[in-house]
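Tertiary structure, described
In case you want the letters, here they are:
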Amino acid sequence: MSSLASQVLAEAALADSLLATTVVEKPLPLELDLGNMLAIDTNQLDKEQVTSSSYLLSLARDNTQLLLNSIWKLETERVEDAVIAKFPPTTFKLPREKPAPKPKAMTKWEKYAKDKGIDKKKKKDRLVWDDVVSKWVPQFGYKKAQAENDKNWMIPLKKTDDMEENPYEKIAEDKREKKAKNELQRLRNLARTKNVAVPSMGVVPATKNNQARAVTQSDDLKRAADIAKSSTASLGKFQNDLSKKLEKTAKVKGVKRKFESNTAEKDSTSEKERSLGILESITNKSAKLNIEGAVNRQIFKEDQERKTEKEKGRDSKGMMKKGGKGKRSTKARFQNKGGKGKFTGNSKPANRGVKPKQKNKGGQ
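Anyway, here's the lowdown on the structure attached to this text.

What to know about the packing of aromatic side chains
Inspection of every chain in the model, using the stated rule, returns two aromatic pairs. On the basis of an interplanar angle of 35° and a centroid distance of 5.8 Å, the ring pair of W109 and Y112 is categorised as tilted. Note that W109 and Y112 are positioned in helix α3 (residues 108-116) at a spacing of three residues, about one turn of the helix. A relative accessible area of 53% places W109 in the exposed class. Residue classification places Y112 among the partly exposed positions, given a relative accessible area of 42%. Both rings, one in W129 and one in W136, keep their centres 5.7 Å apart while their planes meet at 70°; by these two values the pair is edge-to-face. Its relative accessible area of 45% is what places W129 among the partly exposed residues. On the basis of relative accessibility, which here comes to 57%, the residue W136 falls in the exposed class.

Focus: the pairing of strand β6 (residues 135-138)
As defined by bridge partners, strand β5 (residues 127-130) adjoins β6 across four bridges and the pair is classed as antiparallel. When the bridges of β6 are listed, D130 appears paired with K135. Hairpin remark: β5 followed by β6, antiparallel, with four residues in the connecting loop; positive phi at S134, about 60°.

Remarks on the side chain of N63
Considering the arrangement of structural elements, one finds N63 in helix α2 (residues 53-72). Residue N63 is classed as buried on the basis of its relative accessible area of 15%. Ignoring anything within four residues of it in the chain, the contact list for N63 reads K26, L30 and D41.

Some remarks on a nonpolar patch on the surface
On the surface, a nonpolar cluster with roughly 350 Å² of combined accessible area is contributed by L68, W72 and V83. The residue L68 is located in helix α2 in this model. Judged by its relative accessible area of 39%, L68 is partly exposed.

Regarding unusual backbone geometry
Residue S134 is not a glycine yet carries a positive backbone phi of 60°. One non-glycine residue, K143, adopts positive backbone phi at about 70°. Considering the arrangement of structural elements, one finds K143 in the loop between β6 and α4 (144-151).

A short note on a negative patch on the surface
The grouping of D162, E164, E165, E169, D174 and E177 at the surface amounts to a negative patch. Given a relative accessible area of 37%, E165 falls into the partly exposed group.

Examining the environment of V83
Of note, V83 is situated in strand β4 (residues 82-85). A relative accessible area of 46% means that V83 is categorised as partly exposed. With near-sequence residues (within four places) excluded, V83 lies in contact with T76, E77 and R78.

Cut-offs applied
Residues numbered from 1 in each chain as written. Predicted model: local features only at pLDDT ≥ 70, side-chain atom pairs only at ≥ 80, totals over all residues. Heavy atoms only, no water. Phe/Tyr/Trp six-rings, centres within 6.5 Å; stacked < 30°, edge-to-face > 60°. Helix = DSSP H or I, 4+ residues; strand = E, 2+ residues; numbered from the N terminus. Buried < 20%, exposed > 50% of the residue type's maximum accessible area, 1.4 Å probe, protein only. Pairing = 2+ DSSP bridges. Contact = heavy atoms within 4.5 Å. Patch = residues over 30% accessible without salt bridge, like charges linked within 9 Å, V, L, I, M, F, W, Y side chains within 5 Å. Areas by Shrake-Rupley, 256 points an atom, 1.4 Å probe, with all protein chains shown as cover. Salt bridge = Lys/Arg side-chain N within 4 Å of Asp/Glu carboxyl O. Lys, Arg positive; Asp, Glu negative; His and termini not counted. Charge placed at Lys NZ, Arg CZ, Asp CG, Glu CD.

So this is what it looks like as structure tokens:
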């Protein structure tokens, strides 16, 4: 037994002796860029052994060991079952073909979860045990639809459910609505990140400053009711009144003109500037040049001229086609076709290409 133990220890010592040491010494220290995991060796190479593969492998091994030793000296943290090192910023600017990807903007739910401290859901297992069908069924992906059909072979109905409605069609419709809602939310997140105004839900208009939202608040409902009332041809003049509660508060407050107070203390400089502005607008008879309006008018004029030229060219082409013989009647079209009357099949065709018979001199 003692001989076996000594043999095992001897083999272990031999294996350890064959392994290279983790302590590597160099005349000149390496230039390290831990952000890029880069190590630059400025030591002089041995000219005689540069072509030897074993020498190059040992040199690469020693430099890699020094790089890993410096990485293990960095600050570390544990994430689940892994130990992660925090790398410092890079010092060497390495060229790259394409620009660095920008960080992806968080969705509305991700922002809410971050503010509330909600942990991210763990990855769902693909197979779960179902007591209804007594087997392992997939939660998503392949054979999920077949598992749902096996599970929902019979759907119980409540007393409040419509007996004429197909429950399978209702489940399919709910699934389609959920899918459409998720797609709408995805598009809204994209519009929010790119600062694009999306169409409003309902009759409340959306602007860039105020994004579209569901019409649930009381102010929005009042505003929506008033907009719907004034959307007729008479601007709501002959429209029936709303309920009393909405009628009192549904008045849309527009932008009112502001007049200066006659009793408040006035600033002499502002009043002077206002008076000089009125006097200048009255005495200044030189016309103001509206460059944008002049350009638009010139463009409109050129478009009209181009349109009339096209119409004239089209009319001249039509006259050239119509000129000359004029329109032929149907009767004249078949006038020179040869033959008279209708073909009955009894008449003999003309002898074309056949020489006529010569008559005898005696009249025979």
